[in-house]
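# Architecture at a glance
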Amino acid sequence: MTKLSDRLTHQLRFVRELDKLKGVLRRTSLIDRSRRENSAEHSWHLAMMALAFAEYAPPGTDVSRAIELLLVHDVVEIDADDTFAFDVAGNLDKLDRETAAAKRIFGLLPGDVAREFRARWDEFEANETTEARFANALDRFQALLLNDAAGDGGTWRAHGVSREAVLRRMAPIETGAPGLWPAALEAIARATEAGHVRDDIARG
């Protein structure tokens, strides 16, 4: 029986670990509301969105690089779990939890590959490159898309989220994927009119 190289052994260990991402449930449900989506599905959906919406990325965006960022950005949730965007308390230590997770999970890979994957995760988190801004914009837009398409406000209505909070959360779309910004505003307006988000300004 051939002995596997240490390199392949580490790569196999990492890929087996990734299977756990399929069991991490997010707050957002599928459009048909049959169940909550998991983080692996979320990452795949975002990668497909990057391909489908490539024309709306800022000029010069390397869409392939953005897809790489999207595929690694939530791997840390294997340890850190999904943190709801509008959970103020949960977001206080989010970066610490996810940084520790990144160190452990990417550390399963051979050193050179671990550094490459960690660099992609760091790039997404820093949100400074054109590719990272596009990836982050899609990450925000996906949740909006699911909440809007379901027709009941989804997590916005369930958690009593305000229109202003949604606008703040979606703001990166305006610069990261400017071509999608009108669709985001339209969805937020629709949710406001339907009462799926609170309109605190209108209430006075």
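An account of the accompanying structure is given in this report. For every chain, the first residue of its written sequence is number 1, and the numbers climb from 1 along that sequence. Totals for whole chains, interfaces and linings use all residues, but because this is a predicted model, local features are given only for residues with pLDDT of at least 70 and pairs of side-chain atoms are given and counted only at 80 or more. With hydrogens and water excluded, all non-hydrogen atoms of the structure serve as input to the side-chain values.

Take the pattern of salt bridges next. Each salt bridge in this description consists of a side-chain nitrogen of Lys or Arg and a carboxyl oxygen of Asp or Glu lying within 4 Å of one another. Counted under the stated rule, the structure contains 21 salt bridges. Measuring nitrogen to oxygen at the nearest pair gives 3.8 Å for the salt bridge that ties arginine 26 to glutamate 77. Residue arginine 26 is found in strand E1 (residues 25–29), and its partner glutamate 77 is found in helix H4 (residues 77–80); the two are separated by 51 residues along the sequence. Residue burial is assigned from relative accessible area. The probe radius is 1.4 Å, only protein chains are included, and a residue is buried under 20% of its type maximum, exposed over 50%, and partly exposed in between. Classification of arginine 26 by relative accessible area gives buried; the value is 10%. Under the relative-accessibility criterion, glutamate 77 is labelled buried at 3%. Here arginine 118 and aspartate 122 are joined by a salt bridge, their closest N and O atoms 3.0 Å apart. With a gap of four residues between them, arginine 118 and aspartate 122 both fall in helix H6 (residues 111–126), about one helical turn apart. The class of arginine 118 is partly exposed, set by a relative accessible area of 24%. Connected through salt bridges with shared partners, the residues Arg26, Arg27, Glu37, Asp74, Glu77 and Asp82 form a single ionic network. By the criteria applied, helices consist of DSSP H or I runs no shorter than four residues and strands consist of E runs no shorter than two, each listed in order from the N terminus.

These figures come from the coordinates and say nothing about function on their own.
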